[in-house]
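Survey of secondary and tertiary structure
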Amino acid sequence: MSEQVKYQRILLKLSGEALMGSGDYGIDPEVITRVAGEIKLIVDHGVQLGVVIGGGNIFRGAGLAASGMDRVTGDHMGMLATVINSLAMQEAVEKQGLQARVMSAIKINQMCEDYIRRRAVRHLEKGRVVIFAGGTGNPFFTTDSAASLRAIEINADILLKATKVDGVYSADPMKDPSAIRFSQISYDDALEKKLGVMDATAIVLCRDNNLPLRVLNINEHGALLELIKGGNIGTLGN
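Parameters at a glance
- Residues numbered from 1 in each chain as written.
- Predicted model: local features only at pLDDT ≥ 70, side-chain atom pairs only at ≥ 80, totals over all residues.
- Heavy atoms only, no water.
- Pairing = 2+ DSSP bridges.
- Helix = DSSP H or I, 4+ residues; strand = E, 2+ residues; numbered from the N terminus.
- Contact = heavy atoms within 4.5 Å.
- Axes fitted to C-alpha atoms, helices over the stretch in contact; angles between N-to-C directions.
- Polar contact = N/O pair within 3.5 Å; in protein donor to acceptor, adjacent residues only side chain to side chain.
- Buried < 20%, exposed > 50% of the residue type's maximum accessible area, 1.4 Å probe, protein only.
- Phe/Tyr/Trp six-rings, centres within 6.5 Å; stacked < 30°, edge-to-face > 60°.
- Lys NZ or Arg CZ within 6 Å of the ring centre and 35° of its normal.
- Salt bridge = Lys/Arg side-chain N within 4 Å of Asp/Glu carboxyl O.

Remarks on the sheet that holds strand 9 (residues 184-185)
- If you trace the 9 strands from one edge of the open sheet to the other, you get 4-3-5-2-1-6-10-11-9, paired in mixed fashion. Of all the strands in the sheet, just strand 4 (113-114) and strand 9 have a single pairing partner and so form its edges.
- Sitting on the sheet, helix 3 (residues 71-95) is in contact with strand 1 (9-14), strand 2 (48-53), strand 3 (100-104) and strand 5 (129-133), with an inclination near 170 degrees to strand 3.

The structure is reproduced here in structure tokens:
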């Protein structure tokens, strides 16, 4: 470790939409390369990093279920979308000179490892970036819930939700210019005000297991690095 950092082990949650760039769907190679570069900055400081990526840039099970598809089938398709994103991130991270492993909650052995908690922790201890794919492996649970769950299982110091905005607001800042950004908010307040930080299950998991959460803008270069050094970036939930 080149210098002191505040967090030793982090779980980073990325939305699938964050990988689209300016496109309507899919993965923007420039964006995923830039995100991998941000990851390298913090791993080079000795931080152990787990990553959960959503699949909304490829497929959203809940959306298709609303149109009449069986929800379980839709969610299974969404899990496969997260595997695609995770494999792409593994490739991007390894091109940065790091080691990475994709571990899936659904069995897909020819492409990645099965998720086994002890093995995941061992990978982290060896300095490998561990990318958790397949959500929780169960329908009706979001990748937000998967991120909270994995963060708790690996004993992460903090869960980081990287989005397109620089924190949690009282309303959608894209639609309401008067929206106020919170520097800190309690989980109970986030639930009561329905702020959409993460889904309710994910927030309750964080609250009940005393896991701090911070929401930040992944598009701000160096934000992750500043945060691990103790910077007051984005919004802290606790």
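With respect to the side chain of Asp114
- Positionally, Asp114 belongs in strand 4.
- Only 3.1 Å separates the side chain of Asp114 from the side chain of Lys107, close enough to count as a polar contact.
- Apart from residues lying up to four places away in sequence, Asp114 is in contact with Met103, Ser104, Ile106, Lys107, Ile108 and Asn109.

Some remarks on the environment of Gly196
- By the secondary structure assignment, Gly196 is in the loop between helix 6 (187-193) and helix 7 (200-208).
- Given a relative accessible area of 60%, Gly196 falls into the exposed group.
- Through-space distance from the C-alpha of Gly196 to that of Ile152 is 21 Å; in sequence the pair is 44 residues apart.

Thoughts on the packing of aromatic side chains
- Using the criterion set out here, one finds 1 aromatic pair in the structure.
- Seen in terms of ring centroids, Tyr115 and Phe132 are 5.6 Å apart; in terms of plane orientation they differ by 80 degrees. Their pairing is edge-to-face. With Tyr115 in the loop between strand 4 and helix 4 (117-125) and Phe132 in strand 5, the pair connects residues that are 17 residues apart, well separated along the chain.
- Residue class for Tyr115 comes out buried when judged on its relative accessible area of 17%.
- Phe132 sits in the buried class, given a relative accessible area of 2%.
- Over the aromatic face of Tyr115 sits the side chain of Arg150, whose NZ or CZ is 3.8 Å from the ring centroid.

Comments concerning unusual backbone geometry
- Located in the positive-phi region is Asn155, a residue other than glycine, with phi close to 60 degrees.
- Locating Asn155 in the fold gives a position in the loop between helix 5 (143-153) and strand 6 (158-163).
- Positive phi values are uncommon outside glycine, yet Asn210 reaches one of about 55 degrees.
- Mapped onto the fold, Asn210 is located in the loop between helix 7 and strand 10 (213-217).
- The class of Asn210 is exposed, set by a relative accessible area of 69%.

Remarks on the pattern of salt bridges
- Under the defined criterion, the tally for this structure stands at 10 salt bridges.
- Across the salt bridge formed by Arg122 and Glu125, the nearest N and O atoms sit 3.5 Å from each other. One end of the pair, Arg122, and the other, Glu125, are both in helix 4, 3 residues apart, so they sit about a helical turn from each other.
- For Arg122, a relative accessible area of 46% translates into the label partly exposed.
- For Glu125, a relative accessible area of 46% gives the class partly exposed.
- Of the charged contacts, one joins Asp188 and Arg207 as a salt bridge, the two residues approaching to 2.9 Å between their closest N and O atoms. Here the residue Asp188 occupies a position in helix 6, and Arg207 occupies one in helix 7, the gap between them amounting to 19 residues.
- Taking the relative accessible area as the measure of exposure, Arg207 reaches 32% and is therefore partly exposed.
- Here the salt bridges share partners, and the residues they tie into one network are Lys13, Asp144 and Lys161.

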